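Okay, here's what each chain looks like letter by letter:
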Amino acid sequence: MKKLILLSIAIVTFSCKNKSEESFGNNEQTAVATEDKELTAEEIGKVIFEGKGNCTSCHQTDSKTIGPSVQEIAKVYKEKNGNMVAFLKGESDAIVDPSQFPVMQANLTLTKTFTDKELQSLEAYIYSNLK
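These numbers come from a predicted model, not from an experiment.

Quick word on the packing of aromatic side chains
No. 1: Considering all chains together, one arrives at 2 aromatic pairs under this definition.
No. 2: Here the aromatic rings of Phe-49 and Tyr-125 are separated by 5.3 Å at their centres, their planes lie at 50°, and the arrangement is tilted. Of this pair, Phe-49 sits in helix α2 (residues 41-50) while Tyr-125 sits in helix α6 (residues 116-127), and the two are 76 residues apart along the sequence. For the pair shown, Phe-49 and Tyr-125 are each scored as buried.

So this is what it looks like as structure tokens:
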């Protein structure tokens with residue numbers, strides 16, 4: 001089991017590295033408008049989740065892969081009244097699956113660089129997946 005966890009950490013670390021390096025320190029703002037309309041917080045969050053956040057490498061909407069599903073994350077944070085933004089800033093403990101926290105640490109380096117608006121949009125997207 002320990003070997004599997006270490007292997008998972010190594011895979012995530014190396015798979016996240018290139019995208020993290022591309023986005024790390026990048027001060028460009030996330031696009032918030034299309035030609036016809038401004039995007040909602042949930043839509044902005046989805047763009048971040050699937051793009052610069054590199055979240056899809058570990059999280060899927062309705063199934064556990066390396067990390068818990070987006071639906072499970074939303075459910076646990078709602079039930080425990082957790083602060084997802086604080087977690088993504090590295091300011092609070094993992095509450096969904098603390099045993100997987102070492103795997104998530106690689107991406108926390110990236111999410112700590114996001115603006116408050118980006119983190120709030122990411123949170124809004126995750127909550128929009130509650131069933």
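Some details on the nonpolar core
No. 1: Judged by nonpolar contacts, the single largest core of 21 residues is most densely connected at Phe-49, Met-84, Phe-87, Leu-88, Phe-114, Leu-122 and Ile-126.
No. 2: Those elements giving two or more residues to this core turn out to be α2, α3 (70-79), α4 (84-88), α5 (101-111) and α6.
No. 3: Each residue touching Leu-88, except ones within four places of it in the same chain, is listed here: Met-104, Leu-108, Thr-111, Lys-112, Leu-119 and Leu-122.

Thoughts on the confidence of the model for the protein
As a note on interpretation, predicted positions should not be read in detail where pLDDT is low.
No. 1: Confidence in the prediction of the protein, expressed as mean pLDDT, is 81, and 73% of residues score 70 or more.
No. 2: Note that pLDDT drops below 50 for residues 2-31; the model gives that stretch 26 contacts with residues more than four away or on any other chain.

Remarks on the side chain of His-59
No. 1: Tracing the chain through its elements places His-59 in the loop between α2 and α3.
No. 2: Classification of His-59 by relative accessible area gives buried; the value is 12%.
No. 3: Of note is the side chain of His-59, whose polar atom sits 2.7 Å from the backbone oxygen of Pro-68.

Conventions adopted
- Residues numbered from 1 in each chain as written.
- Predicted model: local features only at pLDDT ≥ 70, side-chain atom pairs only at ≥ 80, totals over all residues.
- Heavy atoms only, no water.
- Phe/Tyr/Trp six-rings, centres within 6.5 Å; stacked < 30°, edge-to-face > 60°.
- Helix = DSSP H or I, 4+ residues; strand = E, 2+ residues; numbered from the N terminus.
- Buried < 20%, exposed > 50% of the residue type's maximum accessible area, 1.4 Å probe, protein only.
- Core = buried A, V, L, I, M, F, W, Y, C linked by side-chain atoms within 4.5 Å.
- Contact = heavy atoms within 4.5 Å.
- pLDDT = per-residue confidence, 0-100.
- Polar contact = N/O pair within 3.5 Å; in protein donor to acceptor, adjacent residues only side chain to side chain.

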